[in-house]
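Spelled out, the chains give:
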Amino acid sequence: MLSRLAGSVFHVGSAVERADVVARMLDVYVVRPDAGVADEDGAVGAALGGVVGVAGPSRVEGRSATVDALALDRHEPASIAHAVGVARDHARRAREVVSTELWDCLDVTRSRMPRKVAVDRAHEFLGWVRERSALAVGVVEGDASRDEVWEFFTLGRSLLRCGLTARLLASTLVDASSSASWNTALRACGAGEAFRRGRDHHGVEAQDAAHFLLHDVHSPRSLAFLAARADDCLADVAPGCVADEVGAFRTARTAMDRVDPAEPGALRSAADRMAVAVGAVVGALDERVFAVAAPAH
């Protein structure tokens, strides 16, 4: 598979997943926060900006400004609007290998992306973003052969969600000793309902929620599942020129698998190491695998 096509498919998967992850986190922590995460002084918005990768120092902002920056600012690389644009542009570049249904889904989503949303309508908008992201993923999962196109798309999705989930766990948004904080983190990662299913959620301990998000190998939202899927894809498609970064990622994955959620310091350290390792893998792929050489004159 040509490197430019592989890179475009990878970035489609990554951007689609970013739109979903940022929409969920923004909805849970800013638009409809639990009582324990009320954003009275903008600290939550600033912390969330650090989690999703806002460039530069995080500014203290109100709810409306945070929604504008992380959802609608087309010039902010960490925002939903920018991710949707990136997904659509890379799908256009890879039209020869992506399906018409995926292209149509991303093109329509980009054309319908609003430029302004009132705070009281933000929850509805973020739900629409999640639905459009799920539709794009469903098209690929339902139609694509399990070939290199699917592998690079899935690799982009898995690394993006793995990195942002690890950043969340390493941030001040998660209080490792609080059951309410862990339940909020589960909701922000899209794992809340799966965790509560079959449990008496009124009696859930912090360690149960933490173990589910960290170590449950059956939940596609857990770090263990995401890291394993990313590792499988890397084993299939990553060339030798990124072997060092892939090795560091596997070491970080092993450390994350062994971490005890009851030790907040160790948890944050391992999560931060995982986030750094994911960033290094993505950077190496961009620089050494997906980069297109400038034409010679």
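Notes on the structure in this doc start here. Quick caveat, the model's predicted, so the values are computed rather than measured. (Residues numbered from 1 in each chain as written. Predicted model: local features only at pLDDT ≥ 70, side-chain atom pairs only at ≥ 80, totals over all residues. Heavy atoms only, no water.)

1. Section: the overall build of the protein chain
Scanning the protein chain from terminus to terminus reveals 13 helices and zero strands. Helices and strands in the protein chain line up, N terminus first, as α-α-α-α-α-α-α-α-α-α-α-α-α. Whereas a compact globule of 297 residues would reach a radius of gyration of roughly 19 Å, the protein chain reaches 19 Å, a difference of no more than 12%. Structurally, the protein chain occupies a C-alpha span of about 60 × 45 × 40 Å along its principal axes. (Helix = DSSP H or I, 4+ residues; strand = E, 2+ residues; numbered from the N terminus. Rg over C-alpha atoms; globule rule 2.2 N^0.38 Å.)

2. A look at the nonpolar core
Generally speaking, a soluble globular protein has its nonpolar side chains buried in company with each other. Within the largest apolar cluster, 102 residues are counted, with the highest numbers of intra-cluster contacts made by Met25, Tyr29, Ile80, Leu168, Trp182 and Phe249. Of all the elements, helix H1 (residues 3–31) adds the most residues to this core, at 17 residues. Leaving out residues up to four positions away in the same chain, Leu168 has contacts with Met25, Tyr29, Val51, Leu173, Val174, Ala185, Ala188 and Cys189. (Core = buried A, V, L, I, M, F, W, Y, C linked by side-chain atoms within 4.5 Å. Buried < 20%, exposed > 50% of the residue type's maximum accessible area, 1.4 Å probe, protein only. Contact = heavy atoms within 4.5 Å.)

3. Description of H1
Helix length check: H1, at 29 residues, gives a terminal C-alpha distance of 39 Å against a target of 42 Å (1.5 Å per residue), a fit within 8%. Burial within H1 is extensive, with 27 of its 29 residues counted as buried. (Expected span 1.5 Å × (residues − 1).)

4. With respect to the packing of helix H7 (residues 148–170) against helix H13 (residues 264–290)
Axis separation between H7 and H13 bottoms out at 8 Å; the angle between their running directions is 150 degrees. For H7 against H13, the interelement crossing comes out left-handed. Along the contact surface, H7 presents Phe152, Leu155, Leu159, Cys162, Gly163, Ala166, Arg167, Leu169 and Ala170, while H13 presents Arg268, Ala271, Asp272, Met274, Ala275, Val278, Val281, Val282, Leu285 and Phe290. (Axes fitted to C-alpha atoms, helices over the stretch in contact; angles between N-to-C directions. Left-handed = near helix turned anticlockwise from the far one by under 90°.)

5. Some thoughts on the packing of aromatic side chains
With the rule as written, the count across this model stands at four aromatic pairs. Taking the centre distance of 5.9 Å and the plane angle of 70 degrees together, the rings of Phe152 and Phe290 count as edge-to-face. In this pair, Phe152 is assigned in helix H7 and Phe290 in helix H13, connecting sequence segments 138 residues apart. The buried category is assigned to Phe290, whose relative accessible area is 6%. (Phe/Tyr/Trp six-rings, centres within 6.5 Å; stacked < 30°, edge-to-face > 60°.)

6. Here we look at empty space enclosed by the protein
One pass over the structure, following the stated rule, counts one cavity of 30 Å³ or more. Volume-wise, the largest cavity comes out at about 80 Å³. Taken together, Ala15, Val16, Ala19, Val84, Ala87, Leu106, Thr109, Val129, Arg132, Ser133 and Ala136 make up the lining of the largest cavity. If you list the elements that add at least two residues to the lining of the largest cavity, you get H1, helix H4 (80–93), helix H5 (100–111) and helix H6 (122–143). When residues of the lining of the largest cavity are assigned to their parent elements, the largest contribution, four residues, is made by H6. A class-by-class count of the residues in the lining of the largest cavity yields eight nonpolar, two polar and one charged. (1 Å grid on protein atoms, 1.4 Å probe; cavity = no way out; pocket = protein on both sides within 12 Å on 5 of 7 lines; lining within 4 Å. Points joined across faces, edges and corners; volume = space filled by probe spheres on them. Nonpolar A, V, L, I, M, F, W, Y, C, P; charged D, E, K, R; others polar.)

7. With respect to the environment of Phe225
The residue Phe225 is located in helix H11 (residues 223–237) in this model. The sequence separation of Phe225 and Leu213 amounts to twelve residues, and the corresponding C-alpha distance is 9.5 Å. Non-local contacts of Phe225, meaning those with residues more than four positions away in its chain, are made with Asp216, Val217, His218, Ser219 and Pro220.

8. Focus: the layout of surface pockets
Its volume calculated, the largest pocket comes out at about 510 Å³. Looking at the lining of the largest pocket, the elements that each hand over two or more residues are H1, H4, H7 and H13. Looking at the lining of the largest pocket residue by residue, the class counts come to 13 nonpolar, six polar and three charged.

9. Observations concerning the pattern of salt bridges
Applying the stated rule across the entire model yields 17 salt bridges. Linking Arg161 and Asp20 is a salt bridge whose minimum nitrogen-to-oxygen distance equals 2.4 Å. Here the residue Arg161 occupies a position in helix H7, and Asp20 occupies one in helix H1, the gap between them amounting to 141 residues. Judged by relative accessible area, Arg161 falls into the buried class, the value being 2%. Owing to a relative accessible area of 6%, Asp20 belongs among the buried residues under this scheme. With its nearest N and O atoms 2.6 Å apart, the salt bridge here joins Arg250 to Asp231. On the criterion of sequence distance, the pair formed by Arg250 in helix H12 (residues 243–258) and Asp231 in helix H11 is long-range, its members being 19 residues apart. The partly exposed category is assigned to Arg250, whose relative accessible area is 33%. Exposure remark for Asp231: the relative accessible area of 10% places this residue in the buried category. (Salt bridge = Lys/Arg side-chain N within 4 Å of Asp/Glu carboxyl O.)

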